[in-house]
Amino acid sequence: MLLFSGFLLGLSASHTIAQQGAQILRNDSECRALRNLVISADGAWVAAEERPDTHDGAVRVWSTKGDVSFSIERGRSPRISRDSRWVSAWQKPPLEDSRTAKPNNAGQTLVLLDTRDGSRRSFDFVLSYEVTYFSSHLAYLQSSEAKADEEGLSKGSATKPAANSAARMRKGGTLHVVELVGDRVFRWQNVTRFAAHQAINHGPREKWKVGYAYVAFVMHSEETNRDSLQVAFVGRAKTGWGTGGTYEGEKIEGLCWARDSVTLGFLDSTKTRDKAGKLRVGNGLYTWHDVRGRSGHREFIRVDTLD
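In short, a report on the structure. (Residues numbered from 1 in each chain as written. Predicted model: local features only at pLDDT ≥ 70, side-chain atom pairs only at ≥ 80, totals over all residues. Heavy atoms only, no water.)

Comments concerning the overall build of the protein chain
For step 1, the next point in the chain: Across its full length, the protein chain carries 3 helices and 20 strands.
For step 2, the next point in the chain: Sorting the 307 residues of the protein chain into buried and exposed places 39% on the buried side.
For step 3, the next point in the chain: Taking the intrachain contacts of the protein chain between residues at least 6 apart in sequence as the baseline, contacts between residues at least 24 apart amount to 42%.
For step 4, the next point in the chain: Summed over its atoms, the accessible surface of the protein chain is roughly 18,100 Å², and 52% of this surface lies on carbon and sulfur atoms. (Helix = DSSP H or I, 4+ residues; strand = E, 2+ residues; numbered from the N terminus. Buried < 20%, exposed > 50% of the residue type's maximum accessible area, 1.4 Å probe, protein only. Contact = heavy atoms within 4.5 Å. Areas by Shrake-Rupley, 256 points an atom, 1.4 Å probe, with all protein chains shown as cover.)

In structure tokens:
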């Protein structure tokens, strides 16, 4: 009986220690302030912002299928590519450099973390970005204002104000399309907006080739004050990229790709005055598609003309 009582006492003490240990772990977890949680499409990876009080914070990345984790220092607003290959995040400057950091209109630093081995790639002065469906390409818009600042610094302080002034006069920036499956980079200037696309199905009974993607982008002309929309086909061919056509308009916006086909929708806004002289703004709704074996192959068509 004495032995049994001792056994119960020991079991109770072990249970108490286990509870204390669990409580300690739970308290440690509660001290970690996490936000902006994202999870990959296949559920294999989870990422979130960590906001401690003692340092600059980070984006933490955890595998749900193994004891693997990564960190992007000073990261925020994480995303995970649809094939779970890349975790992307904006990277803030260190706290001590935050007072001299460039404003948001000069772009931010973008970091891509490869979940295969934890390696990273970084890109500066980024305004917006997209990673294609199969992670074949990164498309990002780089601030022209930041580029002008760099040019001014390289030429000396005497020319910097003129470079800044020129930058403010420009609209948009430089579109970079980076091969994540290779080493080529394609660039277009004076781009105001873009939309990248990589559908699962290219057309009837055709599956998408992983190393290829479409990028639609709008370029603005300061001389004519008009826009032009171009659809570029980028891939691992010898030429690197080809064009799917160009549309000229007044103000092109609302670029939107269909999910499962190579079809683009967009708006073209026009300004007119009525008989009373009042300014009116109207929108035309257009589509472009690349579906092999069908009429209208790579054509821009207005679709809102029928009531």
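Remarks on the sheet that holds strand β16 (residues 241-249)
For step 1, the next point in the chain: In spatial order, the strands read β5-β6-β7-β8-β9-β10-β11-β14-β15-β16; together these 10 strands make up an open sheet with antiparallel pairing. Bordering the open sheet on either side are β5 (75-80) and β16, each of which pairs with just one other strand. The mean inter-strand angle of the sheet, taken between neighbouring strand axes irrespective of direction, is 40°.
For step 2, the next point in the chain: Sheet topology places strand β7 (residues 108-114) next to strand β8 (residues 120-131); 5 bridges connect them, and they run antiparallel. For Q108, the partnering residue across the bridge sits in β8 and is V126. (Pairing = 2+ DSSP bridges. Axes fitted to C-alpha atoms, helices over the stretch in contact; angles between N-to-C directions.)

Let's talk about unusual backbone geometry
For step 1, the next point in the chain: Positive phi is not limited to glycine here, since S135 has a value of about 60°.
For step 2, the next point in the chain: Here the phi dihedral of N225 falls at roughly 55°; this positive angle occurs in a residue that is not glycine.
For step 3, the next point in the chain: Tracing the chain through its elements places N225 in the loop between β14 (213-221) and β15 (226-234).

Digging into the side chain of H176
For step 1, the next point in the chain: Structurally, H176 can be placed in strand β10 (residues 173-179).
For step 2, the next point in the chain: There is a polar contact of 3.2 Å between the side chain of H176 and the side chain of Q142.
For step 3, the next point in the chain: If we ignore the near neighbours within four places in the chain, the residues touching H176 are L138, A139, Y140, Q142, V185, F186 and R187. (Polar contact = N/O pair within 3.5 Å; in protein donor to acceptor, adjacent residues only side chain to side chain.)

Digging into the pattern of salt bridges
For step 1, the next point in the chain: Per the stated rule, a full pass over the model turns up 8 salt bridges.
For step 2, the next point in the chain: The salt bridge partner of E73 is R120, with a shortest N-O separation of 3.2 Å. Taken as a pair, E73 in strand β4 (residues 69-73) and R120 in strand β8 lie far apart in primary sequence, 47 residues in all.
For step 3, the next point in the chain: Relative accessible area serves as the criterion here: at 40%, E73 is assigned to the partly exposed category.
For step 4, the next point in the chain: Ionic pairing is found between D304 and R302, a salt bridge with its closest N-O pair at 2.6 Å.
For step 5, the next point in the chain: Beyond isolated ion pairs, a larger network of salt bridges with shared partners links R85, D114 and R116. (Salt bridge = Lys/Arg side-chain N within 4 Å of Asp/Glu carboxyl O.)

Examining the packing of aromatic side chains
The geometry of an aromatic ring pair comes down to the distance between the two centres and the angle between the two planes.
For step 1, the next point in the chain: Counted by the stated rule, this structure contains 16 aromatic pairs.
For step 2, the next point in the chain: Centroid distance W45 to F70: 5.9 Å. Interplanar angle 25°. Geometry classified as stacked. Of this pair, W45 sits in strand β2 (residues 45-50) while F70 sits in strand β4, and the two are 25 residues apart along the sequence.
For step 3, the next point in the chain: In this structure W45 comes out as buried when scored by relative accessible area, which is 11%.
For step 4, the next point in the chain: Centroid distance W257 to W288: 6.2 Å. Interplanar angle 90°. Geometry classified as edge-to-face. (Phe/Tyr/Trp six-rings, centres within 6.5 Å; stacked < 30°, edge-to-face > 60°.)

Things to note about the nonpolar core
For step 1, the next point in the chain: Counting residues in hydrophobic clusters, the biggest one holds 17 residues, and the most contacted among them are L229, L255, W257, L264 and F266.
For step 2, the next point in the chain: Setting aside residues up to four positions removed in sequence, L229 forms contacts with A216, F217, V218, G245, T246, Y247, I252, L255, L264, F266 and F300.
For step 3, the next point in the chain: Counting residues in each nonpolar core, the second largest holds 14 residues, with L175, V177, V215 and F217 among its members. (Core = buried A, V, L, I, M, F, W, Y, C linked by side-chain atoms within 4.5 Å.)

Focus: the sheet that holds strand β3 (residues 58-63)
For step 1, the next point in the chain: The strand order across the open sheet formed by 4 strands is β1-β2-β3-β4, and the pairing between neighbours is antiparallel. The strands lining the two open edges of the sheet, one partner per strand, are β1 (34-39) and β4. Taking the axes of each pair of neighbouring strands and ignoring which way they run, one obtains an average angle of 20° across the sheet.
For step 2, the next point in the chain: Pairing geometry for β3 and β4, over 5 bridges, is antiparallel. Directly across from R60, in β4, lies its bridge partner S71.

Shape descriptors only; they carry no functional weight alone.
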